[in-house]
Structures are given as structure tokens and as C-alpha cells.
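One-letter residues, chain by chain:
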Amino acid sequence: MTDFDLLITDWYRQNKRDLPWRNTNDPYKIWLSEIIMQQTRVEQGLSYYIKFINAYPSVFELANASEQDVLNHWQGLGYYSRARNLHFTAKTIATEKKGIFPKTYKELLELKGIGTYSAAAIASFSYKEPVAVVDGNVYRVLSRVFDLSIPIDSSQGKKYFFELAQNLITLKEPDVFNQAIMEFGALQCTPTNPNCNSCPLSINCLSLAEGTIKLRPVKSKKTKVTDRYFHFMVFNSNGNTYLEKRLQKDIWLNLYQFPLVESNDNAEISNWEKYTLSKPIKVSSEIKHILSHQRIHAKFYHFSEEPLTVDSNWKKIKLSEIQDYPLPRLIDRYLENE
DNA sequence: AATCCGGGGTG
DNA sequence: CACCCAGGATT
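In what follows, the accompanying structure is described. What you are looking at is a predicted structure, and each value in this text was computed from that prediction instead of being measured.

## Some details on the overall build of chain A
Helix and strand counts for chain A stand at 13 helices and 8 strands. Principal-axis analysis of the C-alpha atoms gives chain A an extent of 75 × 50 × 30 Å. The 338 residues of chain A split such that 50% are buried. Once local pairs closer than 6 in sequence are excluded, the contacts in chain A between residues at least 24 apart make up 68%. Surface summary for chain A: the accessible area is close to 17,500 Å², and the carbon and sulfur share equals 49%. Across chain A, the 42 positively charged side chains and the 38 negatively charged ones have centroids separated by 2 Å.

Structural data, given as C-alpha cells:
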């Protein structure tokens, strides 16, 4: 197809949403929006973007914040390594680079938390470098238009789609092309029930002609989910409780939770070993919390006495100040419903 | 190359 | 329940 770029950019000019990070060339704002939006729908990430811009108007405010403050603002969005890397890179930019972002795809790639997609997005949106973005939308659009069955989660597939997109991108307005193909995937060429009836590419869409729309894109792997059983100790005496900071290489790194004992099944814990000898005054029913690779079965056990011993990563806090700490959604939701 | 890392929405 | 979302780091 010779005029893919024209068709897609024309569609974009008529159908694009008005999003705050589209009205700027500021690499800080572009970068922040791209990190927040990774694996996240615009409707979910938008309020976080606004919150971050208000709290940290420039890379210097972000660099000078504590990691806990950054994680607090990130709370509930998930994939918390994004927030930790965001903060790490802000400090790199503020100190080593005096607040000036790198201006090329190649240099941007060297920053922590910035991969091929984000580097291409920042380089094209801020500096009009003609390097193609390849995100979930782009995989879907291209695999359908060209009816490609090569798996998008293979190394070969990733390389193939990047080169294809790179061959299609316009040199005049690479930023518009990149925005256009992603917006087209998000609004028109959607995962289920794409709007092929009113699609400017339907005449050229090989997958539509072959009847393979529902099969595209192809993924070869399926994620396997493991079950975990969490038992949280909710201490409450005189309005105080204990939180523990998660320091292991595991989910929710550097977030806080009620002190946890993990077991192999959902049987109620009766022996809390060194932590307490008393019986809980209340035990919640099992709460299921779904992550991409884990199914967590959680129970909350309430104790009205102080623990017998306190681990080094525990912190005694006022229950009324618990929201000063970044909490996994599981904990936050339990507090909401309690 | 394979696996891990959240949370929410959809059919 | 399975799949997807403005992906990246680690092993």
C-alpha cells in the first residue's frame, strides 16, 4: 500500500482525542505521559498524569521528591517499577544532565525505564525524529492491514513489525504518523469488534478480505498464573498499627502492607510464631486479588494487642496516617470496605 | 527467549 | 474466565 500514511493521518486529524500531552513538545511532559500510559488505558492513566504534573511541574520537583512520595502518587496504577524508574531517571536528568533531556532515540534508550517504544515516542513527539513507535495498537493495526501471522511476542516478530512501521512512517511529520497509528488502533481498529464498516483502510485491509480479523494479532505464549495465600496481621491498640515495607524482589517492591505471613493454602493461620500468642478478635473472609501472573488469596486478622516482636522493616504508625504510605490496591481496598 | 511486574475494563 | 491496555527489566 502506497498511501498508508496519508489515510491514517487524515483519519487522525478528524478523529483524534484532545489529550493534555498532545499540546506540548516539552520532553518532560511527553516522557511522564508515556511512562504512565505503558500497559494502561488512557481513561485510567489520565487523572494520574494530571496529578503528577501538578505535584511535579518539572523534572526538578520530581527529582527532589522522595521515592515514597512518588510511589504515593502512583498508588493504584500498578507496575510500580515504572514509578521507581521514573524517579531514578528524574534524578539522573536533574543532576548529571542539568535538567536537559537527551534529544535522540539512541540516547533516550539508555535511560532507565525507557525502552524502544518510549524512546521512539519521546524522540518523535518532542524532536520529530522519524523513528516508529510500536505499541499494542501498532501490532494490531499492522497485523490486520497486512494480514501478518508472525507472533508479536517473539523476537523476530518484534523486529519485523518495527521495520515495517519504520518503512511506513512519514519523514515530514513522523510525530503525527506515530500519534495517528496508535489512536487509530485505540479508537477504530479495536481488539474486539473493530469498526470495519466505517474504516478508511477497509478496502486495503488484507485481514478483512481473508476473514482473519479476529485472529490478529497472533501471540504465541500464554501467561501462567500461580496462587498465593497471604495472611495479614492488623494490629490496633490505642489507634496505632504496624506496617511493613516490602523489600524482597517480588511484587509491590518498596510499598507498605500490614505485616504478612504467607502460606501454601487458605487454611486459617493459628500459629503466628514469634509475632503474637493471642487470638485474633476478627478474621476477614477470603479476598481474591488478581494480578497478571498471580492470584492472591488474602485474609486479614485483627489483633487488639501489641505484637511480641517487631521486624526491622516494620514501622509503628497511627492508623489515621496510613494513607501517608504507598499501599497495594489490595490493602487500600480492604481499608475502603472495612 | 522466557518470565516477571498491577490494576482495571470488556466480551 | 480470557484477553487487552500508549512496555520494560531481568534472568
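## Comments concerning the packing of helix α2 (residues 27-37) against helix α8 (residues 116-127)
Between α2 and α8, the shortest axis-to-axis distance is 9 Å and the interhelical angle comes to 150°. Comparing the axis directions of α2 and α8 gives the class roughly antiparallel. Where α2 crosses over α8, the handedness of that crossing is right-handed. Along the contact surface, α2 presents Pro 27, Ile 30, Trp 31, Glu 34 and Ile 35, while α8 presents Tyr 117, Ser 118, Ala 121, Ile 122, Phe 125, Ser 126 and Tyr 127. Along the lines of polarity and charge, the residues of the contact of α2 with α8 split into 9 nonpolar, 2 polar and 1 charged.

Parameters at a glance
Residues numbered from 1 in each chain as written. Chains lettered and ligands numbered in written order. Predicted model: local features only at pLDDT ≥ 70, side-chain atom pairs only at ≥ 80, totals over all residues. Heavy atoms only, no water. Helix = DSSP H or I, 4+ residues; strand = E, 2+ residues; numbered from the N terminus. Buried < 20%, exposed > 50% of the residue type's maximum accessible area, 1.4 Å probe, protein only. Contact = heavy atoms within 4.5 Å. Areas by Shrake-Rupley, 256 points an atom, 1.4 Å probe, with all protein chains shown as cover. Lys, Arg positive; Asp, Glu negative; His and termini not counted. Charge placed at Lys NZ, Arg CZ, Asp CG, Glu CD. Axes fitted to C-alpha atoms, helices over the stretch in contact; angles between N-to-C directions. Parallel < 35°, antiparallel > 145°, perpendicular 65-115°, else oblique. Left-handed = near helix turned anticlockwise from the far one by under 90°. Nonpolar A, V, L, I, M, F, W, Y, C, P; charged D, E, K, R; others polar.

That's the geometry; what it means functionally is another story.
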